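# Close look at the chain arrangement
The residues making up each chain are set out below.
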Amino acid sequence: MRIKAFHHVRFGVTDLDRTQSFASDFGLHLARRDGDRLWMRSGGGDAFCYYAETGARAFTGLGFLVESMDDLDEAVRLHGAGPIRALEGPGGGSAVTLEGPEGIRVDLVHGITEAAAQPSPPEMRLNFPGSIVRLKDPQHGREMAPPKLFRLGHIGMYVQSFATCAEWFQRVLGLKISDTIHNGDPEQRIVGFLRLDRGDDYVDHHTLFLAQFGKTDCHHISFEVADFEAQFMAHRWLESRGWTPNWGVGRHPLGSHVFDVWFDPDGYRFETFSDTDMVNAGHAAGNHDVHHAQMDLWSSESPQRYFE
């Protein structure tokens, strides 16, 4: 099967009203609320990308969009997925659920009717020495407000066994390794960045980040915004609203994207990203030593705070 796109994440939350308030300030929009259940969407045209339900604090799964109903049939026949069912959430559609290693719930969805996308902010036009493109035209500003989130881009997960989880996501869902990090022995990989397999078409450097950390949980979910200025303005906005930052605006070396990370009311990390690397089937995977790895090229701070 070929995964078409990353679609949604699922969480159990302790205070649904407060979660909705945070998610709205972060840039998500209400798609539907039904008692103790909440569906929210980005501004990019998805029907929903975030689902939360009142209960114990928990990461309860992730979902991918597939090409056709045949992919759902294949998941049932070959990979032990549950029966095909109608989706309850906004946009309708059909789904099956797989249980991955370490009890990770993976939904495969198809046939969801998308929502209308929000207008995009004007693109930044940057002047560089030797390349002046903006003349007599002051740089536009951005209001201090929730940013437009174009899509749910990737998820970072803690896992107990990187090798087991990476093998399953490659074998069952067809994801590909873009880069890995080892513990000093190149054969002992403990972190990996996996992307969608779209052949010669270019895709994000990673859709799934796996870090062997002695537990199974979500580390962060990440949404694409227009550019770094949108991230700095969103940072100011979230700060003014009293939410708690995990890490300021920085740049990851693997994937190259600019990022900014905040805690939701239950302590899960929400990230914005922009300017990510795009790769295709011609990409040669790297394997890097953790002892030389950096987390943020713009900061000398230890990455410990980012992971604990």
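Bear in mind that the values here come from a model prediction, so they are computed numbers and not experimental data.

Another aspect to go through is the overall build of the protein chain. Looking only at helices and strands, the protein chain has five helices and 19 strands in total. Taking 308 residues into account, the globule formula puts the C-alpha radius of gyration at 19 Å, and the protein chain, at 19 Å, falls close to it. Reported as C-alpha extents along the three principal axes, the dimensions of the protein chain are approximately 60 × 50 × 35 Å. When the 308 residues of the protein chain are sorted by exposure, 50% land in the buried category. Considering only intrachain contacts with a sequence separation of at least 6, the fraction spanning at least 24 residues in the protein chain is 65%. Split by element, the accessible area of the protein chain, about 13900 Å² in all, is 49% carbon and sulfur.

On to the sheet that holds strand S14 (residues 217-224), then. Pairing within the open sheet is mixed, and its nine strands lie in the order S15-S16-S17-S14-S9-S13-S11-S10-S19. Both outer strands of the open sheet, strand S15 (244-251) and strand S19 (286-289), are each paired with one neighbouring strand and no more. The average angle at which neighbouring strand axes cross in this sheet is 15°, direction not considered. As paired strands, strand S9 (residues 151-159) and strand S13 (residues 208-212) are joined by five bridges and run parallel to one another.

With that out of the way, let us pick up the side chain of lysine 148. Looking at where lysine 148 falls in the secondary structure, it is placed in the loop between strand S8 (105-110) and S9. Glutamate 224 provides the closest opposite charge to the buried, salt-bridge-free lysine 148, at an N-O distance of 9.7 Å. Engagement of the side chain of lysine 148 in a polar contact is seen with the backbone oxygen of glutamine 118, the distance being 2.5 Å. Reaching out from lysine 148, the side chain makes a polar contact with the side chain of serine 120 at a distance of 3.1 Å. Every residue in contact with lysine 148, bar those within four places of it in the chain, is listed here: Gly43, Gly44, Gln118, Pro119, Ser120, Pro121, Glu224 and Val225.

Moving on, we come to the pattern of salt bridges. Pairing between side chains of opposite charge can happen when the charged atoms of each approach one another. Overall, the coordinates contain 15 salt bridges when judged by the stated rule. Arginine 198 is the salt-bridge partner of glutamate 67, the closest N and O atoms lying 2.6 Å from each other. Of this pair, glutamate 67 sits in the loop between strand S5 (58-66) and helix H2 (69-79) while arginine 198 is found in the loop between strand S11 (189-195) and strand S12 (203-204), placing the two residues 131 residues apart along the sequence. You can call arginine 198 buried: its relative accessible area is 18%. Among the salt bridges present, the one from aspartate 204 reaches arginine 151, with a minimum N-O distance of 2.8 Å. With a gap of 53 residues between them, aspartate 204 in strand S12 and arginine 151 in strand S9 connect regions that are remote in the sequence. Looking at aspartate 204, the relative accessible area reads 8%, which means it is buried. Overall, arginine 151 belongs to the partly exposed group, its relative accessible area being 28%. What you see here is one network of salt bridges that share partners, running through Asp34, Arg37 and Glu88.

Our next topic: empty space enclosed by the protein. If you roll a probe as big as a water molecule over the atoms, it shows you where there is empty space left. Under the definition given, this model contains one cavity of 30 Å³ or more. Its boundaries defined by the atoms lining it, the largest cavity holds a volume of some 30 Å³. Around the largest cavity sit Arg195, Leu196, Asp197, Arg198, Gly199, Asp201, Val203, Val279, Asn280 and Ala281, which together line it. Here the lining of the largest cavity is built from residues that sort into four nonpolar, two polar and four charged.

Quick notes on the rules
- Residues numbered from 1 in each chain as written.
- Predicted model: local features only at pLDDT ≥ 70, side-chain atom pairs only at ≥ 80, totals over all residues.
- Heavy atoms only, no water.
- Helix = DSSP H or I, 4+ residues; strand = E, 2+ residues; numbered from the N terminus.
- Rg over C-alpha atoms; globule rule 2.2 N^0.38 Å.
- Buried < 20%, exposed > 50% of the residue type's maximum accessible area, 1.4 Å probe, protein only.
- Contact = heavy atoms within 4.5 Å.
- Areas by Shrake-Rupley, 256 points an atom, 1.4 Å probe, with all protein chains shown as cover.
- Pairing = 2+ DSSP bridges.
- Axes fitted to C-alpha atoms, helices over the stretch in contact; angles between N-to-C directions.
- Lys, Arg positive; Asp, Glu negative; His and termini not counted.
- Salt bridge = Lys/Arg side-chain N within 4 Å of Asp/Glu carboxyl O.
- Polar contact = N/O pair within 3.5 Å; in protein donor to acceptor, adjacent residues only side chain to side chain.
- 1 Å grid on protein atoms, 1.4 Å probe; cavity = no way out; pocket = protein on both sides within 12 Å on 5 of 7 lines; lining within 4 Å.
- Points joined across faces, edges and corners; volume = space filled by probe spheres on them.
- Nonpolar A, V, L, I, M, F, W, Y, C, P; charged D, E, K, R; others polar.

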